[in-house]
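Okay, here's what each chain looks like letter by letter:
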Amino acid sequence: MNIGKSLLVIGIIWLLAGSISCGKQEASDKPSPPARASSGPAKPDGGAAADIKMGAAKVVPLSDPTLVFDEDEFNFGSATMGSQLTHTFNFYNTGSQDLVIIRVRHT
Amino acid sequence: MTRGIVIPPGAGSSLDITLSTAKCKETLVKYAYMDSNDPAKPQYEIRVKAVLDNPKQMLNYAPLFADFGQIAKGAKAERTIKLTNNNPFDVKLVVIDSPDQKYVSKYKIKDTELKSGESTEIVFTLADNIHSGIFYTSITLEGEGKPETRISITIKGVTIG
């Protein structure tokens, strides 16, 4: 699939003030995973044009918007305290309807 | 927080993450959640993690940051980090994540294959067209096949004028 990349870029900065505790956050910050629906991308009918008859057109449903990240975790490894570390996560809409990013939150 | 960004079918975008570790110690794990209208995954979780001032770190470097300090906008500048392999084994350095080219136009690792105890230099060249103000980016690298050796180094500065 040839996926074009828009110029849109979303940024998040975690500025860790003193009131925000560091370390051992994996358990406390992590919410319950959302329920996962079972729907997948719809597969278009693979029939040849000769199979299509007048008055019997089939409706091919659009698949839902599908959010896919290249990766969902990045490990910076060891770093010096006081570092400002940057990483870019790429994501795509592999569905066939508009994907609407409602919001981005962070712990 | 970001609201109502539309990604058409077949298109993509990116999420820039900056992890500031000013007052943290030890292992740091942070999460971001992207809420969307994808019915299969309405809340997508991504994670970043780092180990700060890791006593087990064996790819050591100095200085601790590639700091360009205050520098005139458009000025040419380089900063060098000396990196030493203190592992008991040889490593071949591989770059996992490069610095943002908006800030660092190029970088060069003089020797990527380091025997135990050997050092090399990483030279960062400042980009020409940085906007005025504070900037920072980072480089992440490790010994090939040795993910436990991974390190990230901050590159920063302030352009004036």
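Being a predicted model, the structure only gives us computed values, none of them experimental.

The number of helices and strands found in chain B is 0 helices and 13 strands. Reading chain B from its N end, one meets helices and strands in the order β-β-β-β-β-β-β-β-β-β-β-β-β. Taken over the C-alpha atoms alone, chain B extends approximately 55 × 40 × 35 Å along its principal axes. Taking all 161 residues of chain B together, the buried fraction comes to 51%.

Within chain A, the secondary structure is distributed over 1 helix and 5 strands. Reading the secondary structure of chain A in the N-to-C direction produces β-α-β-β-β-β. For chain A, the share of sequence-separated contacts (at least 6 apart) that also reach a separation of at least 24 residues comes to 56%. In the structure as shown, chain A presents an accessible area of about 6,700 Å², 55% of it carried by carbon and sulfur atoms.

Looking now at the domain arrangement of chain B. Reports of interface size often rely on the accessible area that becomes lost once the parts have come together. Assigned domains of chain B: these are domain 1 (1-54) and domain 2 (59-160). For domain 1 of chain B versus domain 2 of chain B, the separation of C-alpha centres amounts to 24 Å.

Residues and elements named next belong to chain B. A grouping of Asp90, Asp111, Glu113, Glu118 and Glu144 is seen on the molecular surface, where their side chains present a negatively charged patch. Topologically, glutamate 113 is positioned in strand β10 (residues 113-114). The exposed category is assigned to glutamate 113, whose relative accessible area is 54%.

Attention shifts here to the packing of aromatic side chains. A full pass over the atoms with the stated rule returns 8 aromatic pairs over all chains. Summarising the aromatic geometry, the rings of A:Phe69 and A:Phe91 are spaced 5.2 Å apart at their centres and angled 35 degrees between planes, so their arrangement reads as tilted. Highlighted residues: A:Phe69 in strand β2 (residues 67-69) and A:Phe91 in strand β4 (residues 84-93), separated in sequence by 22 residues. Put simply, the rings of A:Phe69, A:Phe89, A:Phe91 and B:Tyr44 touch in pairs and so form one group of aromatic residues. Sitting over the ring of A:Phe74, B:Arg150 keeps its end group 5.7 Å from the ring centre. The lysine or arginine in question, B:Lys156, covers the ring of B:Phe65, its NZ or CZ lying 4.2 Å from the ring centre.

The next thing to look at is unusual backbone geometry. All names here are of chain B. Residue proline 63 is bonded to the preceding alanine 62 through a cis peptide linkage, with omega at -5 degrees. Within the secondary structure, proline 63 is located in the loop between β5 (59-62) and β6 (65-72). Positioned with a positive phi, aspartate 53 is a non-glycine residue whose angle comes to about 45 degrees. Take aspartate 53: it is sitting in the loop between β4 (43-52) and β5. Since its relative accessible area comes to 43%, aspartate 53 is described here as partly exposed.

On to the environment of B:Ser98, then. All names here are of chain B. Along the chain, serine 98 turns up in the loop between β8 (91-97) and β9 (104-109). Overall, the relative accessible area of 38% leaves serine 98 in the partly exposed class. Put simply, serine 98 and serine 138 are 40 residues apart on the chain and 7.1 Å apart in space, counted from C-alpha to C-alpha. The contacts of serine 98, once residues within four sequence positions are left out, are Tyr107 and Ser138. Side-chain polar atoms of serine 98 contact the side chain of tyrosine 107, separated by 2.9 Å.

Parameters at a glance
- Residues numbered from 1 in each chain as written.
- Chains lettered and ligands numbered in written order.
- Predicted model: local features only at pLDDT ≥ 70, side-chain atom pairs only at ≥ 80, totals over all residues.
- Heavy atoms only, no water.
- Helix = DSSP H or I, 4+ residues; strand = E, 2+ residues; numbered from the N terminus.
- Buried < 20%, exposed > 50% of the residue type's maximum accessible area, 1.4 Å probe, protein only.
- Contact = heavy atoms within 4.5 Å.
- Areas by Shrake-Rupley, 256 points an atom, 1.4 Å probe, with all protein chains shown as cover.
- Domains from an automatic or database assignment.
- Patch = residues over 30% accessible without salt bridge, like charges linked within 9 Å, V, L, I, M, F, W, Y side chains within 5 Å.
- Salt bridge = Lys/Arg side-chain N within 4 Å of Asp/Glu carboxyl O.
- Lys, Arg positive; Asp, Glu negative; His and termini not counted.
- Charge placed at Lys NZ, Arg CZ, Asp CG, Glu CD.
- Phe/Tyr/Trp six-rings, centres within 6.5 Å; stacked < 30°, edge-to-face > 60°.
- Lys NZ or Arg CZ within 6 Å of the ring centre and 35° of its normal.
- Polar contact = N/O pair within 3.5 Å; in protein donor to acceptor, adjacent residues only side chain to side chain.

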